[in-house]
Amino acid sequence: MLVKRTIPLLITGIVGAVLIFSKLFPAAESLGEDFSIYFDIIAVFAFVLGGGNLVKIHADKIYKQAKGWGYSVVCVVGFFATLIIGLTKMHNPEGIAGDLSAQGSYFQLIYAFIFKPLAATMFALLAFYVASASYRAFRAKNLEATVLLVSAFIILLGRTFIGTWLSFWTPHGEGFGIPQLAEWIMNYPNLAGQRAIMIGIALGIVSTSLKIILGVDRGYLGTDSD
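Residues numbered from 1 in each chain as written. Predicted model: local features only at pLDDT ≥ 70, side-chain atom pairs only at ≥ 80, totals over all residues. Heavy atoms only, no water.

(A) The arrangement of helix α1 (residues 2-24) in detail. Helix length check: α1 (23 residues) gives 32 Å between terminal C-alpha atoms against 33 Å at 1.5 Å per residue, within 8%. Among the residues of α1, Arg5, Leu9, Gly13, Gly16, Val18 and Ser22 are the ones counted as buried. Of the surrounding elements, those touching the buried residues of α1 are α2 (29-64) and α8 (189-213). (Helix = DSSP H or I, 4+ residues; strand = E, 2+ residues; numbered from the N terminus. Expected span 1.5 Å × (residues − 1). Buried < 20%, exposed > 50% of the residue type's maximum accessible area, 1.4 Å probe, protein only. Contact = heavy atoms within 4.5 Å.)

(B) Examining a nonpolar patch on the surface more closely. Together, Phe80, Leu83, Ile84, Leu87, Met90, Tyr106, Leu109, Phe113, Ile114 and Leu118 make up an exposed nonpolar region whose accessible area comes to about 950 Å². Contributions of two or more residues to the nonpolar patch are made by α3 (69-88) and α4 (106-137). Take the nonpolar patch: its biggest share by element is five residues, from α4. Mapped onto the elements, Leu83 comes out in helix α3. (Patch = residues over 30% accessible without salt bridge, like charges linked within 9 Å, V, L, I, M, F, W, Y side chains within 5 Å. Areas by Shrake-Rupley, 256 points an atom, 1.4 Å probe, with all protein chains shown as cover. Salt bridge = Lys/Arg side-chain N within 4 Å of Asp/Glu carboxyl O.)

(C) Seen up close, the pattern of salt bridges. In total, this model carries one salt bridge according to the counting rule given. Residue Asp60 is joined to Lys64 by a salt bridge in which the shortest nitrogen-to-oxygen separation is 3.4 Å. Here Asp60 pairs with Lys64, and both are found in helix α2, just four residues apart, close to one helical turn. You can call Lys64 exposed: its relative accessible area is 58%.

(D) The packing of aromatic side chains, seen in detail. Overall, the coordinates contain five aromatic pairs when judged by the stated rule. Considering the side-chain rings of Phe21 and Phe25, the 5.8 Å spacing of their centres and the 35° angle between planes classify their relative orientation as tilted. A ring pair is formed by Trp184 and Tyr188, whose centres lie 6.0 Å apart and whose planes are at 35°; its orientation type is tilted. Look at Trp184 and you get partly exposed, because its relative accessible area is 40%. Judged by relative accessible area, Tyr188 falls into the exposed class, the value being 52%. (Phe/Tyr/Trp six-rings, centres within 6.5 Å; stacked < 30°, edge-to-face > 60°.)

(E) Highlighting the packing of α3 against α4. Where α3 contacts α4, the axes come no closer than 8 Å and their chain directions differ by 140°. By the angle between their axes, α3 is oblique relative to α4. Counted together, Thr82, Ile85 and Gly86 of α3 and Tyr106, Phe107 and Ile110 of α4 form the full contact between these two elements. Class assignment for the residues of the contact of α3 with α4 results in four nonpolar, two polar and no charged. (Axes fitted to C-alpha atoms, helices over the stretch in contact; angles between N-to-C directions. Parallel < 35°, antiparallel > 145°, perpendicular 65-115°, else oblique. Nonpolar A, V, L, I, M, F, W, Y, C, P; charged D, E, K, R; others polar.)

(F) Fine view of the layout of surface pockets. One number sums up the size of the largest pocket: a volume of about 370 Å³. In terms of lining, the largest pocket is formed by Gly78, Phe79, Ala81, Thr82, Phe107, Ile110, Tyr111, Ile114, Phe115, Leu118, Ala119 and Met122. Going through the elements one at a time, α3 and α4 are the ones with two or more residues in the lining of the largest pocket. Among the elements that line the lining of the largest pocket, the one with the most residues is α4, at eight residues. (1 Å grid on protein atoms, 1.4 Å probe; cavity = no way out; pocket = protein on both sides within 12 Å on 5 of 7 lines; lining within 4 Å. Points joined across faces, edges and corners; volume = space filled by probe spheres on them.)

(G) Geometry of the environment of Leu54. With respect to the helices, strands and loops of the structure, Leu54 is situated in helix α2. As a C-alpha pair, Leu54 and Trp165 span 111 residues in sequence and 53 Å in three-dimensional space. Excluding residues that lie within four positions of it along the chain, Leu54 makes contacts with Cys75 and Phe79.

As structure tokens, this is what we get:
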């Protein structure tokens, strides 16, 4: 109980309190920076655990030839190839002590010609899911959905040449036409909503952080049977 519960609670409380005081009192600022470096060091071990867990899950799927095990082969091969090339800095013009992303290195080529095109493909596919979700969200089922639908329609028109073309009553697209109305929606109602959400998120973070620091929320320690 002492090792699994009490000591982690004390460490969490002390580190959390120090990081808060380091932001409030300049004298404790260096202490907060030291604790941030300790966090980075511990995070390295989390990366190792994450990589090990990735290999374990996909190796198990390959061994059992579960559904989609071919994708797991690609994932494991890609993981180890990138890891080895990154650690050895293979074909790096600046040598083993050079920058990992040096121009012409195999790691930089993997990033530029494999990772970036794959990421762009994934986000391109996500566009279809966003369009489908927008269609369901923008259906005018009630007053709120109708306001959302009209606002989205005005912004879509205002961000294209069609909005300027339809604002024929304003001279050369100036005045209060559809583009200006779209800009007003983005600068006032949209910005106010974004700020309200950010304030709510900030209050939630403060509340959750205080609960963890004071030991009220102990969910991260697991259950007694763990």
